[in-house]
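Chain by chain, the residues:
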Amino acid sequence: MSSVYERELKGILEGDEKILTKVTKTCSALEKGNYYLTKQKPFIVVRAAGSFGVDLVALRGDISFLMEIKSSGVDTLHFSSVDGKLQRQAEKMQRECEKTKTLPVYGFRLKGHGGDCWRLFSMEVSRLEGRARILHSRLPKLHLSKNGNFIMRWQDGLPLSDFLMYLCK
């Protein structure tokens, strides 16, 4: 089911009119306006094959980032669940982004939520440069449990409409 949301976010970042119309039906005028900014400054977005901890690669002349997409009907995701698979994927993404100086972004789609239902996060990485470094400082980071496992709380994330306003204005 997450592939539906991967395609949804891909269409949003690419400025796809049909998808923008669909996802902004319950958004405020401000949120809707921010989503539509991608029509003027779209990304090339590639869906990654397989499940390697990266679902989308978003590219534009001024910024690029790797994205992992999660969706849930509950507002908190514990990466330690499912035999630790999510935790291992996140750690791999963190290592690869650190090594390549690439911005990691997590998208969390809360199912059944009206308005801007997407929230974005990053994780601690160093060595980022330029706009990626600035954007990284603005993104909320994934929380860590007392055991060192990642936790993503939807309400703590940056609304996608705010992220798009920053990137596209």
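Overview of the nonpolar core
Piece 1. In terms of nonpolar packing, the biggest core is built from 50 residues, with Phe65 and Phe163 touching the most fellow members.
Piece 2. Residues in contact with Phe65, not counting those within four places in the same chain, are Leu13, Phe43, Leu56, Val57, Ala58, Leu103, Val105, Phe163 and Leu167.

Observations regarding the environment of Phe150
Piece 1. Mapping Phe150 onto the fold places it in strand β8 (residues 150-153).
Piece 2. In this structure the C-alpha to C-alpha distance between Phe150 and Val54, which are 96 residues apart in sequence, comes to 16 Å.
Piece 3. Excluding its chain neighbours within four sequence positions, the residues that come into contact with Phe150 are Leu77, His78, Phe79, Gln87, Ala90, Glu91, Gln94, Met123, Leu142, His143 and Leu144.

Digging into the sheet that holds strand β9 (residues 158-159)
Piece 1. With respect to topology, six strands assemble into an open sheet ordered β1-β2-β3-β5-β6-β9, the strand pairing being mixed. In this open sheet, the two strands that pair with only one neighbour each are β1 (44-47) and β9.
Piece 2. With five bridges connecting them, strand β2 (residues 56-60) and strand β3 (residues 63-72) associate as antiparallel partners. The partner of Leu59 across the bridge, within β3, is Ser64.

Cut-offs applied
Residues numbered from 1 in each chain as written. Predicted model: local features only at pLDDT ≥ 70, side-chain atom pairs only at ≥ 80, totals over all residues. Heavy atoms only, no water. Core = buried A, V, L, I, M, F, W, Y, C linked by side-chain atoms within 4.5 Å. Buried < 20%, exposed > 50% of the residue type's maximum accessible area, 1.4 Å probe, protein only. Contact = heavy atoms within 4.5 Å. Helix = DSSP H or I, 4+ residues; strand = E, 2+ residues; numbered from the N terminus. Pairing = 2+ DSSP bridges.

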